[in-house]
Amino acid sequence: MEDAIVKLTSKEGETFDVPRKVAMMSKLVKDTFSDDDDEDDEEDETEVKEVPLPNVTAPVLKKVIEYCTHYQEEEMTPIQTPLKSGTLDELVQAWYANFVKVDRNMLFDLVAAANFMDIKPLLDLTCLAVSILIKGKSAQELRQMFNISAELSPEEQAEAQRENAAAESS
């Protein structure tokens, strides 16, 4: 059972053979196995199981597998809050700090994948990297980073004016 293989299938249908111990870092995968184990107790232990991950693209899944594999060799130091520093290198081991030095879109996709697959240490790390990325940014810079329009619809403008008028009259 220890060297069993799990097939993780990306959104595009690309399949990755992953040691079960590595794949089980994902609560989603673990729960999938729990559900299967309940249904068929006599199932062959050496059978390879496939887990579809329709919300995770192949490049992101490769990074998730890289993280989970490394985590088996060297667990990430838990992130202490409140943060004692504003730099990743001072908060986690070097490998983990370098792991999240990726382009912004990949980082956001890793956050989404960690959340979907329910991998808490990866979610903690990627959210930490995002928090450091946005720290000290102006509202305009954040709008650009997250592709948020600064324009309000006429209804939103009217609502904001009503709220401001009510706040000023109290």
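Residue positions are given per chain, counting from 1 as you read along its sequence in written order. Only residues with pLDDT of at least 70 are given local features in this predicted model, and only at 80 or more are side-chain atom pairs given and counted; all residues enter the totals for whole chains, interfaces and linings. As a rule here, side-chain values cover all heavy atoms of the structure and leave hydrogens and water aside.

- Labelled according to an unreviewed UniProt entry, the protein appears under the name S-phase kinase-associated protein 1, originating from Fistulifera solaris.
- UniProt positions are given in the numbering used here, feature names are shortened, and annotations may be inferred rather than shown by experiment. Taken from UniProt, the Sequence similarities (unreviewed entry) comment for the protein reads in full: "Belongs to the SKP1 family."
- The UniProt entry for the protein carries the following comment under Pathway (unreviewed entry): "Protein modification; protein ubiquitination."

### So, empty space enclosed by the protein
For step 1, the next point in the chain: Space inside and on the surface of the protein is sampled on a 1 Å grid over the protein atoms alone, with a cavity defined as a set of points where a 1.4 Å probe fits but cannot get out and a pocket as an open set with protein on both sides within 12 Å along at least 5 of 7 lines; lining residues have an atom within 4 Å of a point. Grid points are joined across faces, edges and corners, and a volume is the space filled by probe spheres set on the points. By the definition in use, this model includes one cavity of 30 Å³ or more.
For step 2, the next point in the chain: Counted as a void, the largest cavity has a volume near 50 Å³.
For step 3, the next point in the chain: The wall of the largest cavity is formed by Leu 8, Val 18, Val 22, Ala 23, Ser 26, Leu 61, Val 64, Ile 65, Cys 68, Met 117 and Ile 119.
For step 4, the next point in the chain: A run of H or I in DSSP becomes a helix once it reaches four residues, and a run of E becomes a strand once it reaches two; helices and strands are each numbered from the N terminus. Looking at the lining of the largest cavity, the element that brings in the most residues is helix H3 (residues 58-73), giving four residues.
For step 5, the next point in the chain: Following the grouping adopted for this structure description, the nonpolar residues are Ala, Val, Leu, Ile, Met, Phe, Trp, Tyr, Cys and Pro, the charged ones are Asp, Glu, Lys and Arg, and the polar ones are all others, Gly among them. The residue makeup of the lining of the largest cavity, split by class, is 10 nonpolar, one polar and no charged.

### Remarks on the pairing of strand S2 (residues 15-19)
For step 1, the next point in the chain: Accessible area is worked out with a 1.4 Å probe on protein chains only. A residue is then buried under 20% of its type maximum, exposed over 50%, and partly exposed in between. Residues Phe 16 and Val 18 line the buried face of S2, whereas the alternating positions Thr 15, Asp 17 and Pro 19 sit on a face that is not buried.
For step 2, the next point in the chain: By the convention used here, strands pair only if DSSP detects at least 2 bridges between them. The pairing of strand S1 (residues 5-9) with S2 spans five bridges and is antiparallel. Bridge pairing in S2 places Val 6 opposite Val 18.
For step 3, the next point in the chain: If you look at the hairpin formed by S1 and S2, you'll find five residues sitting between the two strands, and Gly 13 has a positive phi there, around 95°.

### Thoughts on the pattern of salt bridges
For side chains of opposite charge, pairing can occur when their charged atoms come near one another.
For step 1, the next point in the chain: Here, a salt bridge means any Lys or Arg side-chain nitrogen found within 4 Å of an Asp or Glu carboxyl oxygen. As enumerated under the stated definition, the model contains six salt bridges in all.
For step 2, the next point in the chain: A salt bridge links Lys 7 to Asp 17; the nearest nitrogen and oxygen atoms lie 2.8 Å apart. Within this pair, whereas Lys 7 is found in strand S1, its partner Asp 17 is found in strand S2, the two being separated by 10 residues in sequence.
For step 3, the next point in the chain: You can call Lys 7 partly exposed: its relative accessible area is 26%.
For step 4, the next point in the chain: Linking Asp 89 and Lys 101 is a salt bridge whose minimum nitrogen-to-oxygen distance equals 3.6 Å.

### Regarding H3
For step 1, the next point in the chain: In this scheme, a helix's expected span is set at 1.5 Å multiplied by one less than its residue total. Between its first and last C-alpha atoms H3 spans 23 Å; for 16 residues at 1.5 Å apiece the expected length is 22 Å, and the two agree.
For step 2, the next point in the chain: Buried within H3 are the following residues: Ala 58, Val 60, Leu 61, Lys 63, Val 64, Ile 65, Tyr 67, Cys 68, His 70 and Tyr 71.
For step 3, the next point in the chain: It only takes one pair of heavy atoms within 4.5 Å for two residues to be counted as in contact. The elements touched by buried residues of H3 are S1, S2, helix H1 (20-23), helix H4 (94-99), helix H5 (104-117) and helix H6 (120-134).

### Observations regarding unusual backbone geometry
For step 1, the next point in the chain: Here Thr 81 and Pro 82 are connected by a cis peptide whose omega angle stands at 0°.
For step 2, the next point in the chain: For Asp 118, which is not a glycine, the phi torsion comes out positive at approximately 60°.
For step 3, the next point in the chain: Residue position: Asp 118 is located in the loop between H5 and H6.
For step 4, the next point in the chain: Judged by its relative accessible area of 37%, Asp 118 falls in the partly exposed class.
For step 5, the next point in the chain: In the Ramachandran plot, Asn 147 falls in the positive-phi region, its phi being about 55° despite a non-glycine side chain.
For step 6, the next point in the chain: Looking at the element boundaries, Asn 147 is found in the loop between helix H7 (139-145) and helix H8 (154-169).

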